[in-house]
Amino acid sequence: MEIIIQPTQQAATDVAARLIARLLIAKPHAVIGLATGSTPLSLYQSLISMNLDWSQATTFNLDEYIGLPREHPQSYHSFMWENLFKHINIRKENIHLPDGNATDIPQFCEDYENHILAAGGIDLQVLGIGTDGHIGFNEPTSSLASRTRIKTLTKQTCIDNARFFGSEEAVPKHVITMGIGTIMEARQNLLLAFGSHKARAIAEAVEGPITSIHPASILQMHPAVKVCLDDAAAGQLQRADYFRWVYENKPQWQMI
Ligand code: PGA
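The sections below set out a description of the structure shown in this document.

Calculation criteria
- Each chain has its residues counted from 1, running along the sequence as written.
- Totals for whole chains, interfaces and linings use every residue, but because this is a predicted model, local features are given only for residues with pLDDT of at least 70 and side-chain atom pairs only at 80 or more, for both listing and counting.
- Here the side-chain values reflect all heavy atoms present in the structure, with hydrogen atoms and water set aside.
- Two strands are counted as paired when DSSP detects at least two bridges linking them.
- A run of H or I in DSSP counts as a helix once it spans at least four residues, and a run of E counts as a strand once it spans at least two, with each numbered from the N terminus.
- Each axis is a line fitted through C-alpha atoms, taken for helices only over the stretch in contact, and angles between the N-to-C directions span 0 to 180 degrees.
- Note on contacts: a residue pair is in contact if any heavy atoms of the two residues lie within 4.5 Å.
- Buried, partly exposed and exposed residues are distinguished by accessible area as a fraction of the type maximum, computed with a 1.4 Å probe on protein chains only: under 20%, between the cut-offs, and over 50%, respectively.
- Residues scored as positive are Lys and Arg, those scored as negative are Asp and Glu, and His as well as the terminal groups of each chain are ignored.
- Between Lys or Arg on one side and Asp or Glu on the other, a salt bridge is scored when a side-chain nitrogen of the former is within 4 Å of a carboxyl oxygen of the latter.
- Assignment of crossover handedness uses the view with strands pointing away from the viewer, where a clockwise path from the first strand over the helix to the second indicates a right-handed crossover.
- To be near a molecule or strand, a residue needs just one of its heavy atoms within 4 Å of it.
- Polar contact is the term for a pair of N or O atoms within 3.5 Å; when the atoms are in protein, one must be able to donate a hydrogen and the other to accept it, and sequence-neighboring residues count only if both atoms are side-chain atoms.
- We get accessible surface area from the Shrake-Rupley algorithm with a probe of 1.4 Å; when it comes to residues, only the shown protein chains can shield them.
- Note on residue classes: Ala, Val, Leu, Ile, Met, Phe, Trp, Tyr, Cys and Pro are nonpolar, Asp, Glu, Lys and Arg are charged, and everything else, Gly too, is polar.
- Excluding any residue in a salt bridge, patches collect residues exceeding 30% relative accessible area, merging like charges within 9 Å and nonpolar Val, Leu, Ile, Met, Phe, Trp and Tyr side chains within 5 Å.
- Working definition: rings of Phe, Tyr and Trp (its six-membered ring) pair if their centres are within 6.5 Å, and the pair is stacked with planes under 30 degrees apart, edge-to-face with planes over 60 apart, and tilted otherwise.
- What sets the label is the angle itself: under 35 degrees gives roughly parallel, over 145 gives roughly antiparallel, 65 to 115 gives roughly perpendicular, and the rest give oblique.
- The handedness criterion is simple: a crossing whose near helix is rotated anticlockwise from the far helix by less than a right angle is left-handed, and one whose near helix is rotated clockwise is right-handed.

**Quick look at the sheet that holds strand β7 (residues 149–152)**
Moving on, step 1. Sheet architecture is open: three strands sit in the order β4-β8-β7, paired in antiparallel fashion. Whereas interior strands pair on both sides, the edge strands pair on one side only; in this sheet they are β4 (63–65) and β7. With strand direction ignored, the average angle separating the axes of adjacent strands in the sheet is 30 degrees.

**What to know about the sheet that holds strand β2 (residues 31–34)**
The pairing of strands in a sheet happens through backbone hydrogen bonds and is either parallel or antiparallel.
Moving on, step 1. If you trace the seven strands from one edge of the open sheet to the other, you get β1-β10-β9-β6-β2-β3-β5, paired in parallel fashion. Where the open sheet ends on each side, the last strands, each with one partner, are β1 (2–6) and β5 (95–96).
Moving on, step 2. Sheet topology note: the strand β6 (residues 124–127)/strand β9 (residues 188–193) ladder contains four bridges and is parallel. Paired with V126 across the bridge in β9 is L190.
Moving on, step 3. Where helix α1 (residues 9–26) meets the sheet, it contacts β1, β2, β6, β9 and β10 (225–230), and its direction lies at approximately 150 degrees from that of β10.

**Topic: the side chain of E64**
Moving on, step 1. Tracing the chain through its elements places E64 in strand β4.
Moving on, step 2. It turns out E64 is buried and unbridged, and the closest side chain with the opposite charge, R70, is 7.0 Å from it.
Moving on, step 3. Setting aside chain neighbours within four positions, we find E64 in contact with S75, Y76, H77, P98, G100, V175 and I176.

**Regarding the pairing of β2**
Successive residues of a regular strand alternate their side chains across the two faces of the sheet.
Moving on, step 1. Here β2 shows no split at all, with V31 and G33 on one side and I32 and L34 on the other all buried.
Moving on, step 2. Bridge count between β2 and strand β3 (residues 58–61): four bridges; the pairing is parallel. Within β3, the residue paired with G33 across the bridge is F60.
Moving on, step 3. Crossover connection from β2 via helix α2 (residues 41–49) to parallel β3: handedness right-handed.

**Digging into α2**
Moving on, step 1. Inspection of α2 places S42, L43, Y44, S46 and L47 among the buried residues, and these make up the whole buried set.
Moving on, step 2. On its buried face, α2 is in contact with α1, β2, α3 (76–83), β6 and β9.

**Some points on the site of the ligand**
Moving on, step 1. Close to the ligand lie G37, S38, T39, G128, I129, G130, H134, R163 and K198, which account for all nearby residues.
Moving on, step 2. At 2.6 Å from an oxygen atom of the ligand is found a side-chain nitrogen or oxygen belonging to H134.
Moving on, step 3. Relative to its free-state accessible area of 280 Å², the ligand is covered by the protein chains to the extent of 86%.
Moving on, step 4. Each residue belonging to the shell around the ligand can be placed in one class, and the counts come to one nonpolar, six polar and two charged.

**Observations regarding a nonpolar patch on the surface**
Moving on, step 1. The grouping of Y242, W245 and V246 at the surface amounts to a nonpolar patch, some 350 Å² of accessible area in total.
Moving on, step 2. With respect to the helices and strands, Y242 occurs in helix α8 (residues 240–248).

**A closer look at the side chain of N161**
Moving on, step 1. Its location among the elements puts N161 in helix α5 (residues 155–165).
Moving on, step 2. Discounting chain neighbours no more than four positions away, the residues touching N161 are Y65, Y76, F137 and V171.

**Some points on the pattern of salt bridges**
Moving on, step 1. This model, assessed by the stated rule, comprises 13 salt bridges.
Moving on, step 2. Connected through shared salt-bridge partners, E2, K226 and K250 make up one network.

**Quick notes on the packing of aromatic side chains**
Aromatic ring pairs are defined here through the distance separating the ring centres and the angle between the ring planes.
Moving on, step 1. On inspection of all chains with the given rule, the structure shows eight aromatic pairs.
Moving on, step 2. On the numbers, 5.6 Å between centres and 85 degrees between planes, the contact of F60 with Y112 is edge-to-face. Within this pair, whereas F60 is found in strand β3, its partner Y112 is found in helix α4 (residues 105–118), the two being separated by 52 residues in sequence.
Moving on, step 3. Since its relative accessible area comes to 0%, F60 is described here as buried.
Moving on, step 4. Look at Y112 and you get buried, because its relative accessible area is 2%.

**Here's the deal with the pairing of strand β8 (residues 174–177)**
Moving on, step 1. As defined by bridge partners, β4 adjoins β8 across three bridges and the pair is classed as antiparallel. Across the sheet, residue D63 finds its bridge partner in β8, namely T177.
Moving on, step 2. Sheet topology note: the β7/β8 ladder contains four bridges and is antiparallel. Bridging across to β8, T152 finds its partner in H174.

**A short note on the packing of α1 against α2**
Moving on, step 1. Orientation of α1 relative to α2, taken along the N-to-C sense of each, is 55 degrees, at an axis distance of 9 Å. In this view, α1 runs oblique relative to α2, as classed from their interaxial angle. For the element pair α1 and α2, the recorded crossing hand is right-handed. When α1 is examined against α2, the residues Q9, Q10, T13, D14, A16, A17 and I20 are found in contact with a partner set consisting of S42, L43, S46 and L47.
Moving on, step 2. Grouping the amino acids of the contact of α1 with α2 by side-chain chemistry returns five nonpolar, five polar and one charged.

Structure below.
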């Protein structure tokens, strides 16, 4: 894991945006995994302002609520169109989001996995982290080998996401999410976290034991993970000074 700590959210976002820009320029037909929630908003704004060419790119989103109409303002479908897709030149047919209204959800999930494979696999997956350590919507105790499937949200995630829905009760309890096994097959993972409310989850993911109780900790087993943090999200890392020192002393050719 490469832990990149920057003084502000914007500075950490800029590193992540440069990494994605570099991929899109080197590989215009890249397959990029996308995330939703508050965390990637500044990343999407930066990417939009970079005027990148997405015309050959393909995207797969991590997750979606089940049963929420696609047009609902809090569906991840709406979120992605509003905050990224309508501002870039990506082709509609290259966009993939889980369908939370599929009539046969297990079949849909199997097809989603097959579409990722048919696209050549995910080159870079953007991830946020839940305060309970989830990645995608893989809640604590998710199988570390899981594939795209239905999950039930934890009470903590419903509380965390109540701000989008007005109340905890209004948060859908079921979701489709890429599995941890799916995420681990991405060639590169890019985890973002900002704010002191994420500090504990980040410390457990980076410095804690690998355990399904804290799903993000599995990323320690992935060969190419970058974690972009602001100072606040890095606040509980024991080795924060070491991570800063490493980043400041990278050879020039390794700079992002
Ligand atoms: P957030 O959610 O970006 O809204 O904090 C992150 C997540 O649940 O993965």
